[in-house]
Amino acid sequence: MDFGEDRDSSVDFDGDSDNDIDFEDADVGFDTQDKDIKPRKKAFEVDFHVHSPQDIQGQQDKQVEEVSNILGQPLEATAILLRYSRWNKERLIEQYMEKQDEVLDKAGLGQDVARPPRLQVINGFMCDICCDDSRGMQTFAMKCNHRFCVDCYRQYLVQKIKDEGEAARIRCPGEGCNQIVDSKSVALLLSTDLMNSCRYQELLTRTYVDDKDNLKWCPAPNCVYAVDCGVKQKDLHRIVPTVHCDCGHNFCFGCTLLDHQPTPCPLVRRWLKKCEDDSETANWISANTKECPRCRSTIEKNGGCNHMTCRKCKHEFCWMCMGVWSEHGTSWYNCNRYEEKSGHDARDAQAKSRASLERYLHYYNRYANHEQSAKLDKDIYLKTEKKMTQLQSSSGMSWIEVQFLDNASQALQQCRQTLKWTYAFAYYLARNNLTEIFEDNQKDLEMAVENLSEMFEKSTDQLAALKVEMMDKTTYCTKRRIILLDDTAENLKNGNWKFNVELV
Amino acid sequence: MTSSSAASRKALSKIASNRLQKELVEWQVNPPVGFKHKVTDNLQRWVIEVNGAPGTLYANETYQLQVDFPEHYPMEAPQVIFLPPAPLHPHIYSNGHICLDILYDSWSPAMTVSSVCISILSMLSSSTVKQRPEDNDRYVKNCRNGRSPKETRWWFHDDKV
Ligand SMILES: [Zn+2]
Ligand SMILES: [Zn+2]
Ligand SMILES: [Zn+2]
Ligand SMILES: [Zn+2]
């Protein structure tokens, strides 16, 4: 029986009640009142804090202590009560005051919790698990009186913790018993070494974070930090809460995927699903080879930049739209915008479905291209960096002097990540008077990115001389990215975008 | 896919065989009503005859349960299935797998073969229709290559059992 399921109970800690949890730190990142937003913060930024495992443990201990004083229950029992109530302490206190016995019972505690756990030798005892009845055998039982030998109890706990990853809600091994094994009992039964090797304490801390809406573990592999952010699930159609962990990982607090600004989580979910469903249709598009639009010789892409020059005929064109490159960068040229076919073209069903596929492919193509290009950019950078290190040792250039390459590469990665998601965003965008501004911002960022990306294809000996230019281009890229994100987030917050799907 | 069947083939631990011997003795003295253990020399696999309780949909019907014990019984749950033909029941699949929480998530090492049998009989007795689970065909198809019910992530049909 999971307590989330017994609906008719009068004790209700269900998360989706309309009573919102108040955050202790009052550290709410995104407030619905515009006037409360600090002027210096950009519209796409949210407040958040990164916590170490020690911080989390401290927070947890502090709350247990506080509530323990109020309820007059020992710390261990209070911890169980708080975990049972999913750390909603106001509600716990309220319910506890009202119907103490029921709350204690449902949390897996009886009324008498003050007695410290201890091992006992009982004459004539036989353990129901192993059937051992040796004299002088140590046994253990909680207040439910389901008594087993220490070895069995211990083995049971280790299995629950180690194999099943449980900690906060381990039940008594007795048949059908709901009594929760508190951490004091666990400590009594398991040695410190065993507790450490099972990572019991860590698992307990995990449930604290898992139970709190304003806390999430950083999803980066091996990262131990948790992030505290006040953005709520119900706000995710109005804000994209990207947070930055101390380990360097940027992720969305709403869905824990990699940063996907400016696209809100509901659209991200939809888009990824669509890409998965349509992957076969779209696969041929993102292939790495194409033909030169002039001489038809096969061209392979080896860098991230979209400015292509055919080796054979020297024709310069754009990899994305296959249009002439010289026309890019002029104000009337739109590589990023999908031109809707005029109404009478798309009259019959077949033409309509073709048009809708074409439209999807337009956006998917660009989305996938930025993803692919980010990888190629990185490859090129790594090669360049290697060459630079060689150059450094032969020419005596210092580490600081080559740092600009690293900065440029990082900016490029970040901008491509943003650009990639602008295409998913644009796919769901219904045209209105704001769309054009968005497309302009997108085009400006794209041009800035291509310009910077192109520089990585220069030979190493040229690069040292291009340092200032590269730094300028890096700054410009970052600036364009902020402009795009700020504008998009501002309009998202104010509900100015019209989407062609529901944001749910 | 074969991990659990391989695990159940591992010899019983000392604790497991001690406990099973005790259970067997206890069973012989005091068998659960409606069940008959078909005695073999294989302690690790029990075949038990079930008689539908009088006055229920399964009255006068006899089925067979096969109970396989893992190395670390009773810390680990036994694998319990109906041998063909399995009774028609909304929580019993045509391949004999049983959707009953105590056999999986809610297993407790203090339970015994006897208590499992009683739960299964009460599950049969409380049934009001003789039919297969709704997802029977899909589930059975997924189990074709000898998958054990213990590898299934069960979504229990009824949280009252
Ligand atoms: Zn108990
Ligand atoms: Zn024991
Ligand atoms: Zn991290
Ligand atoms: Zn998200």
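Residue numbers here run from 1 along each chain, matching the order of that chain's written sequence. Chains and ligands are labelled sequentially in the order written, the chains with letters from A and the ligands with numbers from 1. Under the rules for a predicted model, residues below a pLDDT of 70 receive no local features and side-chain atom pairs below 80 are neither given nor counted, while totals for whole chains, interfaces and linings still include all residues. The side-chain values count all of the structure's non-hydrogen atoms but skip hydrogen atoms and water molecules.

(A) A look at helix H3 (residues 89-98) of chain A. For H3 of chain A, every residue scored as buried is listed here: Lys89, Arg91, Leu92, Ile93, Gln95 and Tyr96 of chain A. Looking at the buried side of H3 of chain A, the elements it contacts are helix H1 (53-71), helix H2 (75-84) and helix H4 (100-106) of chain A. Using a 1.4 Å probe on the protein chains alone, a residue whose accessible area is under 20% of its type maximum counts as buried, one over 50% counts as exposed, and one in between counts as partly exposed. Labels follow the DSSP assignment, with helices taken as runs of H or I lasting at least four residues and strands as runs of E lasting at least two, numbered in each case from the N terminus. The criterion used for residue contact is that any of the two residues' heavy atoms lie within 4.5 Å.

(B) Spatial organisation of the coordination of the zinc ion (ligand 2). All names here are of chain A. A 2.8 Å cut-off from the metal defines N, O and S donors, relaxed to 3.2 Å for Na, K and Ca; water is not in the atom list, so some sites may appear incomplete. Surrounding the zinc ion (ligand 2) are the protein donor atoms Cys127 (SG), Cys130 (SG), Cys149 (SG) and Cys152 (SG), which sit 2.2 to 2.4 Å from the metal. Only two sets of limits are used to name each site, 85 to 135 degrees for every angle of a tetrahedral four-donor site, and over 155 degrees for opposite donors with all other angles from 65 to 115 for a square planar four-donor or octahedral six-donor site, with any other site named irregular. Viewed at the metal, the four donor atoms of the zinc ion (ligand 2) are separated by angles of 101 to 123 degrees, and the geometry they form is tetrahedral. Sequence positions of the donors to the zinc ion (ligand 2) reduce to the motif C-x2-C-x18-C-x2-C. The pair formed by Cys149 and Cys152 is uniform in burial state, with each residue classed as buried.

(C) Summary view of the confidence of the model for chain B. Looking at chain B, pLDDT values average 86 and 88% of them are 70 or higher. Note: pLDDT gives the predictor's confidence per residue, expressed from 0 to 100. Looking across chain B, the model is least confident in helix H1 (residues 3-9) of chain B, with a mean pLDDT of 46, and most confident in strand E3 (residues 62-68) of chain B, with 96.

(D) Fine view of the sheet that holds strand E5 (residues 215-217) of chain A. All names here are of chain A. One bridge is not enough; two strands pair if DSSP finds at least two bridges between them. In spatial order, the strands read E1-E6-E5; together these three strands make up an open sheet with antiparallel pairing. Both outer strands of the open sheet, strand E1 (48-51) and E5, are each paired with one neighbouring strand and no more. Taking the axes of each pair of neighbouring strands and ignoring which way they run, one obtains an average angle of 25 degrees across the sheet. Bridge count for E5 against strand E6 (residues 226-229) is three bridges, and the pairing is antiparallel. Pairing of Lys216 across the sheet is with Val227, part of E6. Axis lines are fitted to C-alpha atoms, over the contacting stretch for helices. Their N-to-C directions set the angle, which ranges from 0 to 180 degrees. On top of the sheet, H1 reaches E1, E5 and E6; it is set at about 100 degrees to E1, its chief contact. Helix H8 (residues 200-211) rests against E5 and E6 of the sheet, and its axis sits at about 125 degrees to E5.

(E) Structural context of the environment of Asn306 of chain A. Residues and elements named next belong to chain A. Note on placement: Asn306 falls in the loop between strand E10 (298-300) and strand E11 (307-309). Residue classification places Asn306 among the buried positions, given a relative accessible area of 2%. Distance from Asn306 to Met447, taken between C-alpha atoms, is 9.7 Å for residues 141 residues apart in sequence.

(F) Highlighting the nonpolar core. Core analysis: the largest hydrophobic core is formed by 35 residues, its most contacted members being Trp46, Ile48, Leu65, Phe82 and Ile98 of chain B. Only helix H2 (14-29), strand E2 (45-51), E3, strand E4 (79-83) and helix H3 (113-125) of chain B provide two or more residues apiece to this core. Here the element with the most residues in this core is H3 of chain B; it accounts for seven residues. Among all residues touching Phe82 of chain B, those that are not within four sequence positions of it are Val50, Tyr63, Gln64, Leu65, Pro87, Ile92, Asn95, Gly96, Ile98, Ile120 and Leu124 of chain B. In this structure, Met142, Ala168, Leu189 and Met195 of chain A belong to the second largest nonpolar core, which totals 32 residues. For our purposes a nonpolar core is just a set of buried Ala, Val, Leu, Ile, Met, Phe, Trp, Tyr and Cys residues, chained together by side-chain atoms within 4.5 Å.

(G) View of H1 of chain A. Residues and elements named next belong to chain A. When the terminal C-alpha atoms of H1 are compared, their 27 Å separation across 19 residues agrees well with the 27 Å that a helix rising 1.5 Å per residue should span. Restricting attention to buried positions, one finds in H1 the residues Ile56, Gln57, Gln59, Gln60, Gln63, Val64, Val67, Ser68 and Leu71. Taken around the axis of H1, the buried residues stretch over an arc of 160 degrees, which confines them to a single face. Turned more than 90 degrees away from the buried face of H1, the exposed residues are Gln54, Lys62 and Asn69. Following H1 by one or two positions, Gly72 has its phi on the positive side, about 70 degrees. A helix is expected to span 1.5 Å for every residue after the first. What the arc covers is the set of directions going from the helix axis to the C-beta atoms.

(H) The pattern of salt bridges, seen in detail. Note on definitions: salt bridges are taken to be side-chain nitrogens of Lys or Arg within 4 Å of carboxyl oxygens of Asp or Glu. Here the structure, examined in full by the defined rule, presents 22 salt bridges over all chains. Its salt-bridge partner being Arg169 of chain A, residue Asp211 of chain A comes within 3.1 Å of it at the nearest N-O pair. Of the two residues, Asp211 of chain A is situated in helix H8 and Arg169 of chain A in the loop between helix H5 (150-163) and helix H6 (183-189); the sequence distance between them amounts to 42 residues. The exposure class of Asp211 of chain A is buried, given its relative accessible area of 11%. Of the residues examined, Arg169 of chain A reaches a relative accessible area of 28% and is grouped as partly exposed. Note that Glu61 of chain B is salt-bridged to Lys130 of chain B, the shortest N-O span being 2.4 Å. In this pair, Glu61 of chain B sits in the loop between E2 and E3 while Lys130 of chain B sits in the loop between H3 and helix H4 (136-142), placing the two residues 69 residues apart along the sequence. With a relative accessible area of 36%, Lys130 of chain B lands in the partly exposed category. Three or more residues are tied together by salt bridges with common partners; here these are Arg86, Arg169 and Asp211 of chain A.

(I) How the structure looks around the coordination of the zinc ion (ligand 4). Residue and element names in this part refer to chain A. Protein coordination of the zinc ion (ligand 4) is provided by Cys252 (SG), Cys255 (SG), His260 (NE2) and Cys265 (SG), with donor distances spanning 1.9 to 2.3 Å. In primary sequence terms, the donor set of the zinc ion (ligand 4) follows C-x2-C-x4-H-x4-C. One end of the pair, Cys252, is in strand E8 (residues 250-252); the other, Cys265, is in helix H9 (residues 265-277), with 13 residues separating them in the sequence. On the basis of relative accessibility, which here comes to 0%, the residue Cys252 falls in the buried class. On the basis of relative accessibility, which here comes to 2%, the residue Cys265 falls in the buried class.

(J) Looking closely at unusual backbone geometry. With an omega of 5 degrees, the peptide bond running from Gln261 of chain A to Pro262 of chain A counts as cis. Along the chain, Pro262 of chain A turns up in the loop between E8 and H9. Positive phi, normally seen in glycine, also occurs at Asn222 of chain A, with a value near 70 degrees. Notably, Asn60 of chain B is not glycine yet its phi reads approximately 65 degrees, a positive angle. Examined against the element boundaries, Asn60 of chain B turns out to sit in the loop between E2 and E3.

(K) Expanded view of the interface of chain A and chain B. Listed as interface residues are 14 residues of chain A and, on the opposing side, 14 residues of chain B. Throughout, the accessible surface (probe 1.4 Å) given up by two parts as they are put together, summed over both, is called the buried area. Where chain A abuts chain B, roughly 1200 Å² becomes buried across the two surfaces, and 58% of that area is made up of carbon and sulfur atoms. Two N or O atoms count as a polar contact when they lie within 3.5 Å, although within protein this holds only if one can serve as hydrogen donor and the other as acceptor, and sequence-adjacent residues are included solely when both atoms are side-chain atoms. Run the count over chain A and chain B and you get six residue pairs in polar contact (both at pLDDT 80 or more). The biggest single contributor to the side of chain A that touches chain B is H5 of chain A, with four residues. In terms of residue class, the side of chain A that touches chain B is built from eight nonpolar, three polar and three charged. Under the scheme applied, nonpolar residues are Ala, Val, Leu, Ile, Met, Phe, Trp, Tyr, Cys and Pro; charged residues are Asp, Glu, Lys and Arg; polar residues are all the others, including Gly.

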